[in-house]
Structures are given as structure tokens and as C-alpha cells.
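Examining the three-dimensional arrangement
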Amino acid sequence: MLREVTVVDEGDCGELIEAASGALSRAWGCAVSLRLQDPIRAGWGRHTLLRCFVVTGPTSAPSSVVVKAAVDPDGAIFNEWAALQFVNAIPSITPLVPDLYAGDVQSQLIVIEDLGAGPLLRRLIQAGPDLATPALIESQRLLGRFHAATRGREADHAEIRELLPDGPPPPAISLDVSSLIDTAATWGLSPSERVVTELGWATSALRVEASFSALTFHDACPPNRISTHVGVRALDLEMAAYRHPIIDGAYSPIGYLRCNDCQVIPAEVQAAMLDAYRDALVPAYPEYTT
């Protein structure tokens, strides 16, 4: 039986780090101990994020890992667990997201690859166009590769998800125009006839066969993209699910940045982002050739 490692002197994070150490011990087949390096996020948000040194473990172990744990034990972490496990099994896109090292069901946490301290895409945007433009383009190319590699594999993803405990389902896109109008009414809005017509067209376009759907992030925004020594990589798959790829792919044509970044994407950058996305997508989606 593997020895469970007890970690002390880690303050309020001690129990999480101990649980993560145990999860890694089981996954790696030897005793593992962790020590807190950086509480990236603790005490706020949906998840606690802890960067930890790997003090003892196998010789092949990374020098550090990130522990991601649910603040409220509602089972939401299991959606990201399943998504990462699924993507890590697809060699062509494994490098685009963190590696999943281990998980602990009881503590509702996962232990993932430490991608470093950034900068996040948000910071590159704030630094100016010279850094922001190539990163935005690469981020859309990442999306295209991701969608192309996951097209039509919903059953494989579902099989992994079903092995984990239940949790709240990821956000779903309503394809019912009436419900969308009712939702707008709760905000005090009354859509014009033209808007209703466009909603009808959009919802119709989103109704596709399962073979057309891909694993989408649903929040492909600047805080969830990080620049590393091997290029831009994607963070936070907690809302990932199989949907129409345009849920992510429309990011550049919309022309502005979501997640409260409140910055307009210049037209020429939008065009370059869309070209990068389409070029990466077309090998698996010939429908988008023209």
C-alpha cells in the first residue's frame, strides 16, 4: 500500500495539498509530497488554485504542479477533469492544454501541469498591438486545431464523463427563439422584428448533427489563454462541452473581447484571426472551405 504523505505548515491550504499529494502518490505509484509555492487564487472565485513544488516523487516528476479545487463542493470540477482527460488522449492537441496528472473525487480537486506565470493574453493585449496581435491570431489557430481534432467524438468524451460523479451541466445554448425573447423581456428588452428574424436564422444554423459538433470552451477569452515558451495554451475547461464550433469560432468576427476586457479588435486583426482559425479547422471541416 502506498504511503499517504502528510503535509504540514501550509495554513488553510494544508488539507488540499495533502489530498493532492495522495492523489499524485496513487497516480504515479510512489510517495509524493508537495509544498505550497504560490496561492494563485485562494478565498475567492469558484476554484482555489495553488502552485506547489513537488518535494518528493518519481525522477520524471515535474518540479511544480497546480492544484485546482472546488470552493463549493458542487461537482463542477468533474467537468474539467473529464475534458482534460479526454483531450490528453488526443496527441495532436494535448500540448494545447495542461496535462492532467491526478484527481481526487472526495476532495473535488485535480492536479494539473504548471504552465508558468504567464503572461496571460489579457496582459499582452494591455501591452499593445505588437504583442497582442500575434497572440490573438495564435489563440484562434489553437481553437481551430482543437475543434478539428475533437469533431464528432462526443461519445468518447461522454464515456469519460460518465465515470465521474455528477455535477452541474455546462452551459447550454438555447435554440428556441421564443425562450430567447422571453429572456430578453426579463431584462426589459423588446427585440425588434429584424432581431427576431436574425435570432431565427442563427438558431437554425446552430442545429447540426452530432457529427458536426466539437468540444468547445464556451469562454475562449483573454484570461484563459497563457503565453508559454512553446506558444499560447488554453486554460479553464470547466465549461467545455460538445456544441457547434462557432460558439468559440465567432470570437473574432464579433469584433470585441469578452470577459470584461472591453476592447475592440481592429478589422485587420479580426481578418487575420479568422483566417488562422479557418486554416486550422478546414482539414476536419471541409464545409468551411469557402
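The rules behind each value
Residues numbered from 1 in each chain as written. Predicted model: local features only at pLDDT ≥ 70, side-chain atom pairs only at ≥ 80, totals over all residues. Heavy atoms only, no water. Salt bridge = Lys/Arg side-chain N within 4 Å of Asp/Glu carboxyl O. Helix = DSSP H or I, 4+ residues; strand = E, 2+ residues; numbered from the N terminus. Buried < 20%, exposed > 50% of the residue type's maximum accessible area, 1.4 Å probe, protein only. Disulfide = S-S within 2.5 Å. Phe/Tyr/Trp six-rings, centres within 6.5 Å; stacked < 30°, edge-to-face > 60°. Lys NZ or Arg CZ within 6 Å of the ring centre and 35° of its normal. Axes fitted to C-alpha atoms, helices over the stretch in contact; angles between N-to-C directions. Parallel < 35°, antiparallel > 145°, perpendicular 65-115°, else oblique. Left-handed = near helix turned anticlockwise from the far one by under 90°. Contact = heavy atoms within 4.5 Å. Nonpolar A, V, L, I, M, F, W, Y, C, P; charged D, E, K, R; others polar. Pairing = 2+ DSSP bridges.

1. Thoughts on the pattern of salt bridges
One pass over the structure, following the stated rule, counts 12 salt bridges. The closest approach of N and O atoms between arginine 26 and aspartate 104, which form a salt bridge, is 2.9 Å. Of this pair, arginine 26 sits in helix 1 (residues 14-28) while aspartate 104 sits in strand 4 (residues 100-104), and the two are 78 residues apart along the sequence. The residue arginine 153 makes a salt bridge to aspartate 156 at a minimum N-O spacing of 3.4 Å. You can call aspartate 156 partly exposed: its relative accessible area is 35%. Via salt bridges that share partners, Arg46, Lys68, Glu80, Asp236 and Glu238 belong to a single interconnected network.

2. Notes on the state of the cysteines
For the structure shown, the criterion picks out zero disulfides. The thiol of cysteine 13 is not disulfide-bonded; the next cysteine sulfur, from cysteine 52, is found 7.9 Å away. According to the relative accessible area criterion, cysteine 13 is buried, its value standing at 12%.

3. Description of the packing of aromatic side chains
On inspection of all chains with the given rule, the structure shows seven aromatic pairs. The interplanar angle of 65° and the centroid separation of 5.7 Å between the aromatic rings of tryptophan 28 and tyrosine 101 together place this pair among those described as edge-to-face. With a gap of 73 residues between them, tryptophan 28 in helix 1 and tyrosine 101 in strand 4 connect regions that are remote in the sequence. Every member of this aromatic cluster is reached through a ring pair, and the members are Phe212, Tyr285 and Tyr288. Lying over the aromatic face of tyrosine 285, arginine 151 brings its terminal NZ or CZ to 4.2 Å of the ring centre. Sitting over the face of the ring of phenylalanine 217, arginine 225 holds its NZ or CZ atom 4.5 Å from the ring centroid.

4. Thoughts on the packing of helix 6 (residues 177-186) against helix 7 (residues 193-206)
Orientation of helix 6 relative to helix 7, taken along the N-to-C sense of each, is 135°, at an axis distance of 10 Å. The angle between helix 6 and helix 7 places the two elements in the oblique class. Helix-helix and strand crossings are classified by hand; for helix 6 and helix 7 the assignment is right-handed. Residues Val177, Leu180 and Ile181 of helix 6 form the contact with helix 7, whose own contacting residues are Val196, Leu199, Gly200 and Thr203. Of the residues contributing to the contact of helix 6 with helix 7, the split by class is five nonpolar, two polar and no charged.

5. Describing the environment of arginine 35
Mapped onto the elements of the fold, arginine 35 is located in strand 1 (residues 33-41). Take arginine 35: its relative accessible area is 41%, and that puts it in the partly exposed class. A C-alpha to C-alpha distance of 9.1 Å links arginine 35 and glycine 14, two positions 21 residues apart in sequence.

6. Some words on the sheet that holds strand 2 (residues 47-56)
Sheet architecture is open: five strands sit in the order 1-2-3-5-4, paired in antiparallel fashion. Among the strands making up the open sheet, the edge pair consists of strand 1 and strand 4. Taking each pair of neighbouring strands and ignoring which way they run, the sheet shows an average axis angle of 25°. One ladder, built from four bridges, connects strand 4 with strand 5 (residues 109-113); its direction is antiparallel. Directly across from leucine 100, in strand 5, lies its bridge partner isoleucine 112. Against the sheet, helix 1 engages strand 1, strand 2, strand 3 (64-70), strand 4 and strand 5, with an angle of about 120° to strand 4. Lying over the sheet, helix 2 (residues 77-88) contacts strand 2, strand 3, strand 4 and strand 5, oriented at roughly 35° with respect to strand 5.

The values reported here are purely geometric and, on their own, carry no functional implication.
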